[in-house]
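Report on the structure
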Amino acid sequence: MSGRIRREKDCVARMIEIYCRDMHGGAGRSRPTGKEGGLCPECRRLLDYANARIDRCVFGAKKSTCAKCAIHCYNKEMRARIKEVMRHSGPKMTYRHPWLSLMHFLDGFKKTPDSRV
Ligand SMILES: [Zn+2]
């Protein structure tokens, strides 16, 4: 797995984490331990789905960030949910995970081949 892909997954995981903790109280008693720590079952499913989409992305490491590209390969339900997550967590990423946000921001400059966005 390239650093690019790992970063993308990391970024999605962090965003879902923030969202779940704020909106669903995470997994309840389990403490937030980084690595997809305190996710409720629904959010864990969303994360698994997101990871699978990234794995199957035809652009691989060459793709742009998901906000610009991968969201179009999500099914309707998951797309609505990940959008919700991004709207909630996107702004918080900047100060909770500044380094990751910066890298994600830079990755966003990479144009996905054949993307007209
Ligand atoms: Zn949740």
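Summarised in this report is the structure supplied together with it. (Residues numbered from 1 in each chain as written. Predicted model: local features only at pLDDT ≥ 70, side-chain atom pairs only at ≥ 80, totals over all residues. Heavy atoms only, no water.)

What follows covers the overall build of the protein. Tallying secondary structure elements over the protein gives four helices and zero strands in all. Seen in sequence order, the protein has helices and strands lined up from the N terminus as α-α-α-α. Burial statistics for the protein: of 117 residues in total, 40% are counted as buried. When contacts within the protein are restricted to residue pairs at least 6 apart in sequence, those whose partners lie at least 24 apart make up 66%. Roughly 6900 Å² of accessible area belongs to the protein as shown, and the carbon and sulfur atoms make up 58% of that amount. (Helix = DSSP H or I, 4+ residues; strand = E, 2+ residues; numbered from the N terminus. Buried < 20%, exposed > 50% of the residue type's maximum accessible area, 1.4 Å probe, protein only. Contact = heavy atoms within 4.5 Å. Areas by Shrake-Rupley, 256 points an atom, 1.4 Å probe, with all protein chains shown as cover.)

Glancing now at the coordination of the zinc ion. All of the protein donors around the zinc ion are Cys20 (SG), His24 (ND1), Cys40 (SG) and Cys43 (SG); their distances to the metal are 1.9 to 2.4 Å. Viewed at the metal, the four donor atoms of the zinc ion are separated by angles of 102 to 122°, and the geometry they form is tetrahedral. Mapping the donors of the zinc ion onto the primary sequence gives the spacing C-x3-H-x15-C-x2-C. In this pair, His24 is assigned in helix α1 (residues 3-24) and Cys40 in the loop between α1 and α2 (41-56), connecting sequence segments 16 residues apart. By relative accessible area, Cys40 is classed as buried at 11%. (Donors = N, O, S within 2.8 Å, 3.2 Å for Na, K, Ca; no water. Tetrahedral: all angles 85-135°; square planar, octahedral: opposite > 155°, others 65-115°.)

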